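Listed here are the chains, written in short residue letters.
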Amino acid sequence: KDKKSETIESIAQLYDLAASSADGESQQVNYRMSRAKFDRDFVEDGSLEAAVKLYQEILASQHLRSVPLTDEEAGGATQASQVAEKMIDEVKKVKPEAYEVFEKESSDALQAAGNDPALLKSVADTYPNSTAASKAMITAADAFEAQGNQRLAAYTRRQAYNKYGDTADKPRLL
């Protein structure tokens, strides 16, 4: 083994130790963000996929999504979900196939959600980088409307338009 491989392996072991000792939601998020950054910075076989998996773990947990983080670009605090979503987008630009497994999961979750607006919104929250996310939001808005809940229908459509307006089915949003 060369020196770089040994160093990366040692750092990975330290991260494994950090993962097992991370206590509380903030530490869990900080571990995942830090480890994912390491995986993105020192690219090896499977490291970008590992980074996406760590970001996706944040998005999959309602508790971890809302943990506050400092966003250097925005110059203030933001939610972990927004940072994780942005980081996944960056990885997808470099290696789109790193997100394939979650694209499939999101499609399956969208089908399983049927017309349940809460489940549909959960798909969009859990997989915001997927093609299923905008479909889930639009279908959730339609489901709220069908239930006679105009306020939530309008709110959900506005959320979908603001977030997915460039990529979503605009006529259904309006």
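The structure displayed is predicted, hence computed values, not measured ones.

The rules behind the values
Residues numbered from 1 in each chain as written. Predicted model: local features only at pLDDT ≥ 70, side-chain atom pairs only at ≥ 80, totals over all residues. Heavy atoms only, no water. Helix = DSSP H or I, 4+ residues; strand = E, 2+ residues; numbered from the N terminus. Buried < 20%, exposed > 50% of the residue type's maximum accessible area, 1.4 Å probe, protein only. Areas by Shrake-Rupley, 256 points an atom, 1.4 Å probe, with all protein chains shown as cover. Expected span 1.5 Å × (residues − 1). Arc of directions from axis to C-beta. Contact = heavy atoms within 4.5 Å. pLDDT = per-residue confidence, 0-100. 1 Å grid on protein atoms, 1.4 Å probe; cavity = no way out; pocket = protein on both sides within 12 Å on 5 of 7 lines; lining within 4 Å. Points joined across faces, edges and corners; volume = space filled by probe spheres on them. Nonpolar A, V, L, I, M, F, W, Y, C, P; charged D, E, K, R; others polar. Phe/Tyr/Trp six-rings, centres within 6.5 Å; stacked < 30°, edge-to-face > 60°.

Looking at the overall build of the chain
For step 1, the next point in the chain: When helices and strands are counted, the chain shows 10 helices and two strands.
For step 2, the next point in the chain: Its helices and strands taken in sequence order, the chain reads α-α-α-α-β-β-α-α-α-α-α-α from the N to the C terminus.
For step 3, the next point in the chain: In terms of overall dimensions, the chain has a C-alpha envelope of 65 × 30 × 30 Å along the principal axes.
For step 4, the next point in the chain: Looking at the 174 residues of the chain, the share that counts as buried comes to 40%.
For step 5, the next point in the chain: Of the roughly 10,100 Å² that the chain leaves accessible, carbon and sulfur atoms contribute 50%.

Brief notes about helix α1 (residues 3–21)
For step 1, the next point in the chain: The first and last C-alpha atoms of α1 sit 27 Å apart over 19 residues, in line with the 27 Å expected at 1.5 Å per residue.
For step 2, the next point in the chain: For α1, the complete set of buried residues consists of Ile8, Ala12 and Tyr15. For α1, the angular spread of the buried residues around the axis is 60°, confining them to a single face. Every exposed residue of α1 that faces more than 90 degrees away from the buried side is listed here: Lys3, Gln13, Leu14, Leu17, Ser20 and Ser21.
For step 3, the next point in the chain: Each element contacted by the buried residues of α1 is listed here: α2 (25–41).

Describing helix α3 (residues 47–60)
For step 1, the next point in the chain: With 14 residues, α3 ought to run about 20 Å at 1.5 Å a step, and its terminal C-alpha atoms sit 20 Å apart, in line with that.
For step 2, the next point in the chain: The set of residues buried in α3 consists of Ser47, Leu48, Ala51, Val52, Leu54, Tyr55, Gln56, Ile58 and Leu59.
For step 3, the next point in the chain: Contact partners of the buried residues in α3: α2, α4 (62–65), α5 (80–94), α6 (100–113) and α7 (117–126).

Notes on the confidence of the model for the chain
For step 1, the next point in the chain: When pLDDT is averaged across the chain, the result is 90; 94% of the residues are at 70 or more.
For step 2, the next point in the chain: The secondary structure element of the chain with the lowest average pLDDT is helix α10 (residues 170–173), at 60, and the one with the highest is α6, at 97.

Notes on the layout of surface pockets
For step 1, the next point in the chain: Its volume calculated, the largest pocket comes out at about 410 Å³.
For step 2, the next point in the chain: Lining the largest pocket are 16 residues, and of these Gln79, Ser81, Glu85, Asp125 and Lys163 lie nearest its centre.
For step 3, the next point in the chain: Of all the secondary structure elements, the ones that give two or more residues to the lining of the largest pocket are α4, α5, α7 and α9 (150–164).
For step 4, the next point in the chain: Of the residues that constitute the lining of the largest pocket, the class distribution is five nonpolar, six polar and five charged.
For step 5, the next point in the chain: Put simply, the second largest pocket is a space of about 330 Å³.
For step 6, the next point in the chain: At the level of secondary structure, the elements contributing two or more residues to the lining of the second largest pocket comprise α2, β1 (68–71) and α5.
For step 7, the next point in the chain: Of the residues forming the lining of the second largest pocket, the biggest block, six residues, is contributed by α2.
For step 8, the next point in the chain: Classifying every residue of the lining of the second largest pocket gives five nonpolar, three polar and seven charged.

Considerations on the packing of aromatic side chains
Aromatic ring pairs: the centre-centre distance and the angle between the two ring planes describe each pair.
For step 1, the next point in the chain: Applying the stated criterion to the full structure yields four aromatic pairs.
For step 2, the next point in the chain: Centre to centre, the rings of Tyr15 and Phe38 are 5.5 Å apart; their planes meet at 40°, and the pair counts as tilted. Of this pair, Tyr15 sits in helix α1 while Phe38 sits in helix α2; the two residues are 23 residues apart in sequence, bridging distant segments of the chain.
For step 3, the next point in the chain: With relative accessibility at 17%, the residue Tyr15 sits in the buried group.
For step 4, the next point in the chain: Ring geometry for Phe38 and Phe42: centres 5.1 Å apart, planes at 40°, overall tilted.
For step 5, the next point in the chain: An aromatic cluster of at least three residues, connected via ring pairs, comprises Tyr15, Tyr31, Phe38 and Phe42.

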